[in-house]
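Structure assessment
Listed below, chain by chain, are the residues.
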Amino acid sequence: MYEKLKENTELWDLFTRKEEYNLTFSDQYNRFPYYLSSHRSIFEPSVSKFLFENGLRPQYPDEKKFAVCLTHDIDIIQPSRLYSVSEATRAFVKGNLTDAIKISFSRVNKKLNPYWNFKEIIELEAKYDAKSSFYFLTLESGESDYSYNIEDIKDELSNISDNGWELGLHGGNESYNNLEDIKKKKQKLEKVLGKKVIGYRNHYLRFKVPNTWELLSKAGFKYDSTFGYADCAGFRNGMCHPFKPFNVNTGQQIDILEIPLTIMDCTLFEDYMQLDFKKALEFVKNLIDTVEQYNGVITILWHNTYMQGENLKFYEKILEYCSKKNAWITSGEEICNLVS
């Protein structure tokens, strides 16, 4: 694959993300955002298209034409006091007294907690013969964005794993640039789970090309799924297929599989692209159709905090559309095992 791509300088530079090697500017999270990229055709996987036209034909189980990698970043599992008050007030104003009471007690009763929804997520995905990956934080109390102790939810993690869904690591704020921090957090999750963890995504999609790939490889991960933009959905390096990254500085392939992120929930709506639900669904379907055309993999990130109300209905519409197209809807782990 590399040798064929190297014949096309423009595509090779896009595939390797050459423009990200010596950054002058970044966003508030020290990320390289889409708005700074010289590559503007982000909705067309031009590198994958080139490879497809030159014979790339991935094979999926049951002769499926393409795959959907479903993922969930678990940043929060208990609503903040501010959230509980504001949502309860909103429900009360609308006359939904039952909802208002439930929300008011959600912080003390997990059965009423809208974010304690792992069982519901699994049941919904199973309805469409799908599986997914859950990436959990293992932050220490006092670290930025600490909101839960991984040891306290051991039983819930076991239930997710026992059902056949994947558990991976959601690296902390600084993990993407710190090998020791990555190792420490990986070991903490593995100790709770009692087994090895192979999948990774960094918090806030923080990522540095090619350094983060090198660190994750050294830490023993088999795959990463951080590589995508927060400010725009699409194909960051023109790929809609899993790939082994190439380090331009060393001239060597990096020993880790990247399952590139295509769509994040909050990217579509008010945080970045500001699409309404109708336009967002049309947009997502177009990306799915594009990936299908090239026998690729589309990776979707839907936080557990987006599994309520209209956002939950939107997610189910994605599942329904992919299921009708007879896609292989699965976890990062299963895709990694197939490709590796």
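Look up a bit, the structure's there.
These lines cover the structure that appears in this document, whether it is placed above or below.

Conventions we followed
- Here the residue numbers are simple positions, counted from 1 along each chain's written sequence.
- Per-residue local features are limited, in this predicted model, to residues with pLDDT of at least 70; the limit for side-chain atom pairs, both in listing and counting, is 80 or more; totals at the level of whole chains, interfaces and linings are taken over all residues.
- With hydrogens and water set aside, each side-chain value is computed from the structure's full complement of heavy atoms.
- The helix count covers DSSP runs of H or I at least four residues long, the strand count covers runs of E at least two residues long, and both are numbered beginning at the N terminus.
- Radius of gyration here is computed from C-alpha atoms only, and the compact-globule reference equals 2.2 Å multiplied by the residue count raised to the power 0.38.
- For each residue, the accessible area found with a 1.4 Å probe, counting protein chains only, is set against the maximum for its type, and the residue is called buried under 20%, exposed over 50%, and partly exposed in between.
- In short, Shrake-Rupley with a 1.4 Å probe defines the accessible areas, and a residue's cover is counted only from the protein chains shown.
- Put simply, two rings from Phe, Tyr or Trp (the six-membered ring, in Trp's case) pair if the centres are within 6.5 Å, and we call them stacked under 30 degrees between planes, edge-to-face over 60, tilted for the rest.
- Charge over a ring is defined by NZ of Lys or CZ of Arg lying within 6 Å of the ring centre and within 35 degrees of the ring normal.
- Here, a salt bridge means any side-chain nitrogen of Lys or Arg that lies within 4 Å of a carboxyl oxygen of Asp or Glu.
- In this analysis, strands are considered paired if DSSP registers two or more bridges between them.
- Grid spacing is 1 Å over the protein atoms alone, the probe is 1.4 Å, and a cavity is where that probe fits but cannot get out, while a pocket is an open set with protein on both sides within 12 Å along at least five of seven lines and lining residues have an atom within 4 Å of a point.
- Grid points are joined across faces, edges and corners, and a volume is the space filled by probe spheres set on the points.
- Put simply, Ala, Val, Leu, Ile, Met, Phe, Trp, Tyr, Cys and Pro go in the nonpolar bin, Asp, Glu, Lys and Arg in the charged bin, and everything else, Gly too, in the polar bin.
- By nonpolar core we mean a set of buried residues, namely Ala, Val, Leu, Ile, Met, Phe, Trp, Tyr and Cys, connected to one another through side-chain atoms within 4.5 Å.
- Whether two residues touch is decided by their heavy atoms; if any such pair falls within 4.5 Å, the residues are in contact.
- Given the number of residues in a helix, its expected span is that number minus one, multiplied by 1.5 Å.
- Arc, as used here, means the arc of the directions from the helix axis to the C-beta atoms.
- Helix axes use the C-alpha atoms of the stretch in contact, all axes being lines fitted to C-alpha atoms, and the angles between their N-to-C directions lie in the range 0 to 180 degrees.
- Roughly parallel refers to an angle under 35 degrees, roughly antiparallel to one over 145, roughly perpendicular to one between 65 and 115, and oblique to any angle outside these ranges.
- A crossing counts as left-handed when the near helix is turned anticlockwise from the far one by less than a right angle, and as right-handed when that turn is clockwise.

Quick look at the overall build of the protein
Each helix and strand in the protein was counted, giving 13 helices and 11 strands. For 340 residues, the compact-globule formula gives about 20 Å, and the C-alpha radius of gyration of the protein, at 20 Å, lands near that figure. The buried share among the 340 residues of the protein stands at 54%. For the protein, the exposed area adds up to about 15,800 Å²; of that, 47% sits on carbon and sulfur atoms.

Points about the packing of aromatic side chains
In the structure shown here, the tally under the stated rule is 25 aromatic pairs. Among the aromatic residues, those joined into a cluster by ring pairs are Trp12, Phe15, Phe207, Trp213, Phe227, Phe243 and Phe246. Over the ring of Tyr34 we find Arg40; its NZ or CZ atom is 3.9 Å from the centre of that ring. Positioned above the aromatic ring of Phe221 is the side chain of Lys186, whose terminal nitrogen or guanidinium carbon lies 5.4 Å from the ring centre.

Describing the pattern of salt bridges
Taken as a whole and judged by the stated rule, the model has 19 salt bridges. In this structure, Asp255 and Lys244 form a salt bridge, with 3.6 Å as the shortest nitrogen-oxygen distance. Of this pair, Asp255 sits in the loop between strand 7 (252-253) and strand 8 (257-258) while Lys244 sits in the loop between strand 5 (223-224) and strand 6 (246-247), placing them 11 residues apart in sequence. Look at the salt bridges and you will find they share partners, linking Arg17, Glu19, Glu20 and Arg236 into a network.

Here we look at the pairing of strand 1 (residues 67-74)
For a regular strand, the rule is simple: side chains alternate between the two faces of the sheet. Where burial is concerned, most of strand 1 is hidden: 8 out of the 8 residues are buried. What you see with strand 1 is no split at all: Ala67, Cys69, Thr71 and Asp73 on one side and Val68, Leu70, His72 and Ile74 on the other are buried throughout. The sheet contact formed by strand 1 and strand 10 (residues 297-301) spans 5 bridges and is parallel. Bridge pairing in strand 10 places Ala67 opposite Val297. The pairing of strand 1 with strand 11 (residues 328-330) spans 3 bridges and is classified as parallel.

Observations concerning the layout of surface pockets
Here the second largest pocket defines a volume of roughly 610 Å³. Grouping the constituent residues of the lining of the second largest pocket by class yields 12 nonpolar, 7 polar and 7 charged.

What to know about the nonpolar core
Within the largest apolar cluster, 86 residues are counted, with the highest numbers of intra-cluster contacts made by Phe134, Phe136, Leu268 and Trp302. Element by element, the count of residues in this core is highest for helix 11 (residues 277-293), at 7 residues. Those residues within four positions of Leu268 in sequence are excluded, and the remaining contacts are Ala233, Ile263, Met273, Gln274, Leu275, Ala280, Phe283, Val284, Trp302 and Phe314.

Focus on helix 12 (residues 309-324)
With 16 residues, helix 12 extends 23 Å between its outermost C-alpha atoms, agreeing within 8% with the 22 Å of an ideal straight helix rising 1.5 Å per residue. Taken together, the buried positions of helix 12 are occupied by Phe314, Tyr315, Ile318, Leu319, Tyr321 and Cys322. Along the axis of helix 12, the buried positions cluster into a sector of 165°, meaning they face one direction only. On its buried side, helix 12 packs onto strand 1, helix 6 (118-127), helix 10 (265-268), helix 11, strand 10 and strand 11.

Brief notes about the packing of helix 6 against helix 12
The geometry of a pair of packed helices is captured by two quantities: the angle between their axes and the separation between those axes. The geometry of helix 6 relative to helix 12 is characterised by a closest axis approach of 10 Å and an angle of 30° between their N-to-C directions. As the angle between them shows, helix 6 and helix 12 are arranged roughly parallel. Classified by chirality, the crossing of helix 12 by helix 6 is right-handed. For the pair formed by helix 6 and helix 12, the contact residues are Leu124, Glu125 and Lys127 on the first element and Leu312, Tyr315, Glu316 and Leu319 on the second. Class assignment of the residues belonging to the contact of helix 6 with helix 12 gives a composition of 4 nonpolar, no polar and 3 charged.

With respect to the environment of Ile76
Within the secondary structure, Ile76 is located in the loop between strand 1 and helix 4 (81-93). By relative accessible area, which is 34% here, Ile76 ends up partly exposed. Separated by 30 residues in sequence, Ile76 and Ser46 have C-alpha atoms that sit 36 Å apart. Here Ile76 is in contact with Tyr115, Ser147, Tyr148, Asn304 and Thr305, once residues within four sequence places are set aside.

Side note on helix 13 (residues 332-339)
Within the sequence span of helix 13, burial applies to Gly332, Ile335 and Cys336. Buried residues along helix 13 cover an arc of 100° about the axis, so they all sit on one side.

As for unusual backbone geometry
Cis geometry marks the peptide bond from Val209 to Pro210, where omega comes out at -5°. In this structure, Asp129 takes a positive phi of about 55° despite not being glycine. Looking at where Asp129 falls in the secondary structure, it is placed in the loop between helix 6 and strand 2 (133-136). For Asp129, a relative accessible area of 68% puts it in the exposed group. The phi angle at Tyr204 is positive, at roughly 60°, despite the residue not being glycine. If you trace the backbone, Tyr204 turns up in the loop between strand 4 (199-202) and helix 9 (211-218). Residue Tyr204 is classed as partly exposed on the basis of its relative accessible area of 30%.

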